[in-house]
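Residues per chain are reported as follows:
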Amino acid sequence: MNFRNGACRLPLLLVISGMILGCAACASQGTHSLGLIDGKLGPCPDSPNCVCSEYEDRVSHVGPLSFTGDFHSAWKNARGAVLDIGGNIEKETDVYLRATFTSRLFRFVDDLELRMDKASHNIHVRTASRFGYSDLGVNRKRVQNLRKSFNGKNN
């Protein structure tokens, strides 16, 4: 097979999509864990396609977005950062935000949630794939991009 002329692109894409999807029907995350549960974002499942700042003892942990100063400004900046990195805001209150992200190639939808914690000066984040088992680090990278945009707005 000649990789230069693109003849292997379709089989390669099928292999990669199979790795990402795993057993999509049996590993589907759906939207059952969206929203606040006892005042916190929901925990991640055991699959490696989710990260969350609420549960430090889990492998899926990422740090929250930290801020100083006015929480209203921080929330506005977090909202702007979500839009900057391509999010579509679905729901928003003064302490909770839910957005979706759709992949370009396969049109997979991922959910992102933010929760304002005024007392600790943190905005907690959770982002997860709706389907599949692995996301190849996409959600962790999304939080890195979100943090970069958020920190740029807070300086």
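Notes on the structure in this doc start here. (Residues numbered from 1 in each chain as written. Predicted model: local features only at pLDDT ≥ 70, side-chain atom pairs only at ≥ 80, totals over all residues. Heavy atoms only, no water.)

**Regarding the packing of aromatic side chains**
Which entries qualify depends on this criterion: Only Phe, Tyr and Trp rings are paired, with Trp represented by its six-membered ring, and only when their centres lie within 6.5 Å; those with planes under 30 degrees apart are stacked, over 60 edge-to-face, the remainder tilted. Geometrically, a lysine NZ or arginine CZ counts as sitting over a ring once it is within 6 Å of the ring centre and also within 35 degrees of the ring normal.
One pass over the full model with this rule turns up 1 aromatic pair. Cation over ring: arginine 58 sits above tyrosine 55, and NZ or CZ is 5.7 Å from the ring centre. For the cation-ring pair, arginine 142 lies above phenylalanine 101, with the distance from its terminal atom to the ring centre recorded as 4.4 Å.

**Notes on the state of the cysteines**
We apply this condition: For the purposes of this analysis, a disulfide is any pair of cysteine sulfur atoms at a distance within 2.5 Å. Only protein chains enter the accessibility calculation, which uses a 1.4 Å probe. A residue is then buried if its area is under 20% of the maximum for its type, exposed if over 50%, and partly exposed in between.
All chains considered together, the criterion is met by 1 disulfide. One disulfide bridge connects cysteine 44 with cysteine 50, the sulfur atoms lying 2.1 Å from each other. Taking the torsion about the sulfur-sulfur bond, which here is approximately -65 degrees, the covalent link between cysteine 44 and cysteine 50 counts as left-handed. Not engaged in a disulfide, the cysteine cysteine 52 finds its nearest cysteine sulfur in cysteine 44; these two sulfurs lie 5.2 Å apart. Residue cysteine 52 is classed as buried on the basis of its relative accessible area, which comes to 2%.

**Quick look at the pattern of salt bridges**
Let me state the cut-off plainly: Note on definitions: salt bridges are taken to be side-chain nitrogens of Lys or Arg within 4 Å of carboxyl oxygens of Asp or Glu. Only runs of H or I of at least four residues qualify as helices and only runs of E of at least two qualify as strands under DSSP, and these elements are numbered from the N terminus.
Overall, the coordinates contain 7 salt bridges when judged by the stated rule. Where arginine 115 meets glutamate 54, a salt bridge forms, and the shortest distance between an N and an O atom there is 2.6 Å. With arginine 115 in strand β7 (residues 109-117) and glutamate 54 in the loop between β3 (50-52) and β4 (65-66), the pair connects residues that are 61 residues apart, well separated along the chain. We classify glutamate 54 as buried; its relative accessible area is 9%. Residues participating in the shared-partner salt-bridge network are Glu54, Arg115 and Asp117.

**Section: helix α4 (residues 138-153)**
The following threshold applies: Take the number of residues in a helix, subtract one, and multiply by 1.5 Å to get its expected span. Note: the arc covers the axis-to-C-beta directions of the helix. The contact criterion used throughout is that any non-hydrogen atoms of two residues lie within 4.5 Å.
The end-to-end C-alpha separation of α4 is 23 Å, in line with the 22 Å expected for 16 residues at 1.5 Å each. Residues of α4 that are buried: Asn139, Arg142, Val143, Leu146, Ser149 and Phe150. Projected onto a plane normal to the axis of α4, the buried residues spread over an arc of 130 degrees and lie on a single side. Summarising the contacts, the buried residues of α4 are in contact with β3, β4, α3 (71-84), β6 (96-102), β7 and β8 (122-129).

**Observations concerning the pairing of β7**
Our working rule: Two strands make a pair as long as DSSP finds a minimum of two bridges between them.
Buried residues dominate β7, accounting for 8 of its 9 residues. Bridge count for β6 against β7 is 7 bridges, and the pairing is antiparallel. Among the inter-strand pairings, phenylalanine 101 is bridged to a residue of β7, identified as aspartate 110. Here β6 folds back onto β7 in antiparallel fashion, the turn holding 6 residues, of which arginine 107 has a positive phi close to 65 degrees. Direction of pairing for β7 relative to β8: antiparallel, over a ladder of 8 bridges.

Fair warning: the whole summary comes from geometry, so function is off the table for now.
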